[in-house]
Amino acid sequence: MFLRRTERKKNGKSHHYWNVVENKRLDDGRVVQRHVLYLGEINSSQAAAWRKAIEVFDEDAGRTRTLALFPEDRCETIAGDASIVQLRLSEMQLRRPRQWGACWLAGQLWQELQLDRFWADHLPPNRKRTRWDQILQVLATYRLIAPGSEWRLHREWFGNSAMADLLGADFGLAEEHKLYACHDLLLAHKEALFSHLVGRWRDLFNADFDVLLYDLTSTYFEVNASDLPEGSKRRHGYSRDKRPDCPQVVIALVVTPDGLPLAYEVLPGNTADSKTLRMFLGKIEQQYGKARRVWVMDRGVPTEAVLAEMRNSDPPVQYLVGTPKGRLHRLEKHLLQKPWQDAREGVKVKLLAEDGELYVFAQSVDRVSKERAMRRRQLKWLWKRLRQIDAMEVTREELLMKLGAARSKAPAAWRLVDVEIDKERPSFSFALNRKKLLITRRREGRYLLRTNLTENDPAQLWQYYTQLVAVEEAFRNLKGDLAIRPIFHQDEKRIEAHIFIAFLAYCMQITLTRRLHALAPGLTARSALDKFAAVQMIDVHLPTTDGREILLTRYTHPEPELQLLIDRLKLHLPPQPPPRITIAAVNQASRRSEDLLT
């Protein structure tokens, strides 16, 4: 190991950064550098077992040999037999414990989606024999298991994982510059990946694509927007993360009702939801052809012009969309005359046909209870807070700030309260608006849906709309479990490639989720990964009496509960890696010292 200084210029000044670096020799003889220590992070631990008689790879002879292993105090009479190796059990060492189980499970998911074949074709090795497909697998597995920065992957995670063992590779897969360079190769294959995934979803889960769920989210960057280059997609816009102070990008996603993703697009952060649908309709039609599909969307996504185009296209593009409550106010008189129909248990609907469309006014008993409880809780908090503010002795400016904070925390409840602020003194009065409360109570748990599926069963229409939670769940997983942010990249293409890798990780996650759903609906993908992560890999070093060393690389045996899960998933653990025999590390070090002296 040695200390290395890196110089960077920032704001016209030179800055020096220090790292502890070690050299790593690759299988082809080249030496690369691995950053070991930066601002003081170190890691280690241990565990394992060994076998008595095994086939060993003799690194000196370059072939496998069958050897009988005995402790050094046994079989003195046959010590001259070359097939007998005596072990120094008192000097046995357990080294390099590393996480194996979750990495192996991620590899099974990667193969199940046939991403190994896909990327082997689309990312062939370069003239330096760099396996870009394996580097991408490392990046996607890292995003699935323990998401973080590429710097952390290089410095810490790869060495603490068994990815090199599983892929039959070395630390070359985690070289810092290769991790970043891999990002530059991905976006050209995005459309081909989408087509590949459609085939896999159909083969694995018998998925159909008659119903598509479409929604948008955003992810923000804690940077100064004025420092961004002209034309950057990072722009200020409506923030779903409640960070309007930060520039962002918008992510549009299409999934099936089971949450299986078909396509996504990264859009500028100031893109309005209503301006995205026409683009995505053309994108899906161009990639998968014309077909009778039902697009399910939330209110605010389609415009009247786009809905008219969908109705008039050939064949018509069918849609089911939530409707703003302002339209409910306009149609309320007509709906009052319609009778309620039972769509399913706990759900009643009223149907209103108008201008070639069908309006479905639905009321869910469960949603009534939920929304009413939410409204009561928020209104109770606001009422208590207004009384507290009223009892305070504050200036007018402080009063306005406190009222503004209360309004931002309980906006729905604030609309039900009439607040009047004295124009001269720092005081105010408040009262409950009972007329607004009555209207709100009447609309709680009720939704107005709009569709051109005029002949469909109302129960089916309601089911379509409730399936929008699948795309919302996809966004929650991308932002939470897979930690799509913070995004440390500055280059625009690498930012999009980062989102692309998160999309790949989500494909692996939803595949595991669907597999688990059929076996144990209560078990999440994260819980399963955590269970598999308990399986560790370790190197057992057994010195021999003739100056060599037996190396047994072993993964630990799964606990009974995990073994049951493995069996239910119809997975089969691979055989343990073959042992190796080599000159002991101590002897190798002494030989190198002697060579230096001579």
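Residues numbered from 1 in each chain as written. Predicted model: local features only at pLDDT ≥ 70, side-chain atom pairs only at ≥ 80, totals over all residues. Heavy atoms only, no water.

**What to know about the overall build of the protein**
As a reminder, the rule being used: Only runs of H or I of at least four residues qualify as helices and only runs of E of at least two qualify as strands under DSSP, and these elements are numbered from the N terminus. The classification of residues rests on relative accessible area computed with a 1.4 Å probe and restricted to protein chains. Under 20% of the type maximum is buried, over 50% is exposed, and intermediate values are partly exposed. The contact rule is simple, with two residues in contact once any of their heavy atoms fall within 4.5 Å. Note on areas: these come from Shrake-Rupley sampling with a 1.4 Å probe, and a residue is covered only by the protein chains present in the view.
When its secondary structure is counted, the protein shows 20 helices and 21 strands. Within the protein, the proportion of its 598 residues that are buried is 45%. Counting only contacts in the protein whose residues sit at least 6 apart along the sequence, the fraction spanning at least 24 positions is 64%. Within the structure as shown, the protein displays about 31,700 Å² of accessible surface, and the carbon and sulfur contribution to it stands at 49%.

**Remarks on the packing of aromatic side chains**
Put simply, the test is: Paired rings are identified among Phe, Tyr and Trp, the last through its six-membered ring, by centres lying within 6.5 Å, and are further divided according to the angle between planes into stacked (under 30 degrees), edge-to-face (over 60) and tilted (the rest).
Scanning all chains against the criterion turns up 18 aromatic pairs. Pairing tyrosine 142 with tryptophan 157 gives two aromatic rings, centres 5.2 Å apart and planes at 50°, and the pair type is tilted. Residue tyrosine 142 is found in helix H3 (residues 132–145), and its partner tryptophan 157 is found in helix H4 (residues 150–157); the two are separated by 15 residues along the sequence. Aromatic pair tyrosine 214 and tryptophan 295: ring centres 6.1 Å apart, planes at 70°, arrangement edge-to-face. A residue pair is termed long-range when its members are at least 10 positions apart, and tyrosine 214 in strand E8 (residues 211–220) and tryptophan 295 in strand E11 (residues 294–297) qualify at 81 residues.

**Description of the pattern of salt bridges**
Where side chains of opposite charge bring their charged atoms close, a pairing between them can arise. Selection rule: The rule for a salt bridge is simple: a side-chain nitrogen of Lys or Arg has to be within 4 Å of a carboxyl oxygen of Asp or Glu.
Here the structure, examined in full by the defined rule, presents 29 salt bridges. For arginine 515, the salt bridge identified is with glutamate 112, shortest N-O distance 2.8 Å. In this pair, arginine 515 sits in helix H17 (residues 492–519) while glutamate 112 sits in helix H1 (residues 101–112), placing the two residues 403 residues apart along the sequence. One salt bridge connects glutamate 496 with lysine 233, and the closest N-O pair in it is separated by 3.0 Å. Taken together, the positions of glutamate 496 in helix H17 and lysine 233 in the loop between E8 and strand E9 (248–255) put the pair 263 residues apart, joining distant regions of the chain. Given the relative accessible area of 9%, glutamate 496 is considered buried.

**As for unusual backbone geometry**
Going from arginine 485 to proline 486, the amide bond is cis rather than trans, its omega being 10°. Mapped onto the fold, proline 486 is located in the loop between helix H16 (469–479) and H17.

**Quick word on helix H18 (residues 525–532)**
Short version of the rule: Directions are taken from the helix axis to each C-beta atom, and the arc is the one they span.
Those residues of H18 that fall on the buried side of the exposure criterion are Ala525, Arg526, Ala528, Leu529 and Phe532. Taken end-on, H18 shows its buried residues confined to a sector of 160°, consistent with a single buried face. Structurally, H18 contributes buried residues whose contacts are with strand E7 (93–99), H1, H3, H17 and helix H19 (560–568).

**Topic: the confidence of the model for the protein**
For clarity, the threshold we go by: Predictor confidence is given residue by residue as pLDDT, running from a minimum of 0 to a maximum of 100.
When pLDDT is averaged along the protein, the result is 83, and 85% of the positions lie at 70 or above. The low-confidence segment residues 589–598 (pLDDT under 50) makes one contact with residues lying over four places distant or belonging to another chain.

**Points about H16**
For an α-helix the count is 3.6 residues per turn, leaving residues at separations of three or four pointing the same way. Every buried residue of H16 is listed here: Ala470, Val471, Ala474, Phe475, Asn477 and Leu478. The buried residues of H16 all sit within an arc of 160° when viewed along its axis, so they share a single face. Buried residues along H16 sit against E8, E9 and H17.

**Examining the environment of histidine 498**
With respect to the secondary-structure elements, histidine 498 resides in helix H17. Overall, histidine 498 belongs to the buried group, its relative accessible area being 4%. For the pair histidine 498 and leucine 139, spaced 359 residues apart in sequence, the C-alpha separation works out to 9.5 Å. Setting aside chain neighbours within four positions, we find histidine 498 in contact with Arg143, Glu150, His183, Ile484, Ile487 and His489.

**Quick notes on the packing of helix H2 (residues 115–122) against helix H7 (residues 190–205)**
Put simply, the rule is: Every axis in this analysis is a line fitted to C-alpha atoms, fitted for helices over the stretch in contact. Angles between the N-to-C directions lie between 0 and 180 degrees. Orientation categories follow fixed angle ranges, with anything under 35 degrees roughly parallel, anything over 145 roughly antiparallel, 65 to 115 roughly perpendicular, and all other angles oblique. Left-handed is the label given to a crossing in which the near helix is rotated counterclockwise from the far helix by less than a right angle, and right-handed is the label when the rotation is clockwise. In this classification, Asp, Glu, Lys and Arg are treated as charged, Ala, Val, Leu, Ile, Met, Phe, Trp, Tyr, Cys and Pro as nonpolar, and every other residue, Gly included, as polar.
Orientation of H2 relative to H7, taken along the N-to-C sense of each, is 155°, at an axis distance of 11 Å. When the interaxial angle is binned, H2 and H7 end up roughly antiparallel. Every pair of crossing elements has a handedness; the one defined by H2 and H7 is right-handed. Residues Leu115, Phe118, Trp119 and His122 of H2 pack against Ala192, Leu193 and His196 of H7. Its residues assigned to classes, the contact of H2 with H7 comprises five nonpolar, two polar and no charged.

**Topic: the packing of helix H8 (residues 277–288) against helix H9 (residues 304–312)**
Running from N to C, H8 and H9 cross one another at 25°; their axes reach a closest spacing of 10 Å. Overall, the two elements H8 and H9 adopt an arrangement that is roughly parallel. In this structure, H8 contributes Leu277, Arg278 and Leu281 to the contact, and H9 contributes Ala305, Val306, Glu309 and Met310. Taken together, the residues of the contact of H8 with H9 break down into five nonpolar, no polar and two charged.

**Focus on the side chain of lysine 178**
Here is the rule we go by: Polar contact criterion, stated in full: a pair of N or O atoms within 3.5 Å, where within protein one must be able to donate a hydrogen and the other to accept it, and residues adjacent in sequence count only if both atoms are side-chain atoms.
Turning to its location among the elements, lysine 178 is positioned in helix H6 (residues 176–183). Reaching out from lysine 178, the side chain makes a polar contact with the side chain of glutamate 175 at a distance of 2.9 Å.

**Thoughts on the pairing of strand E20 (residues 548–555)**
Convention followed: Pairs of strands are assigned from DSSP output, requiring at least two bridges between the strands.
Counting buried residues in E20 gives eight out of eight residues, a clear majority hidden from the surface. Burial along E20 is two-sided: the face carrying Arg548, Ile550, Leu552 and Arg554 and the face carrying Glu549, Leu551, Thr553 and Tyr555 are both buried. Bridge count between strand E19 (residues 536–543) and E20: seven bridges; the pairing is antiparallel. Note on E20: the bridge partner recorded for aspartate 539 is threonine 553. Here E19 folds back onto E20 in antiparallel fashion, the turn holding four residues, of which glycine 547 has a positive phi close to 90°.

**Brief notes about the nonpolar core**
Where we set the bar: Nonpolar core, defined: a set of buried Ala, Val, Leu, Ile, Met, Phe, Trp, Tyr and Cys residues in which side-chain atoms within 4.5 Å join the residues together.
In this structure, Trp119, Trp201, Tyr214, Trp295 and Met310 are the most contacted members of the largest nonpolar core, which totals 131 residues. With sequence-adjacent residues up to four places away left out, tryptophan 295 is seen in contact with Leu212, Tyr214, Val254, Leu277, Phe280, Leu281, Ile284, Met310, Val317, Gln318, Tyr319 and Leu320.

**Regarding the side chain of asparagine 477**
One can find asparagine 477 in helix H16. Among residues more than four places away in sequence, those in contact with asparagine 477 are Leu482, Ala483, Tyr506 and Gln509.

**A few points about the sheet that holds strand E10 (residues 261–268)**
One open sheet accounts for nine strands, arranged E10-E9-E8-E11-E12-E18-E15-E14-E13; its pairing is mixed. Two strands in the sheet have a free side with no partner beyond their single neighbour: E10 and strand E13 (341–344). Averaged over neighbouring strand pairs, the angle between their axes works out to 25° when direction is ignored. Note that E13 and strand E14 (residues 347–354) share three bridges and pair antiparallel. In the strand pairing of E14, aspartate 342 is matched with lysine 348.

**Observations regarding the environment of glutamine 33**
In this structure, glutamine 33 sits in strand E3 (residues 31–37). The spacing of glutamine 33 and glycine 172 is 139 residues in sequence and 9.4 Å in space, taken between C-alpha atoms.

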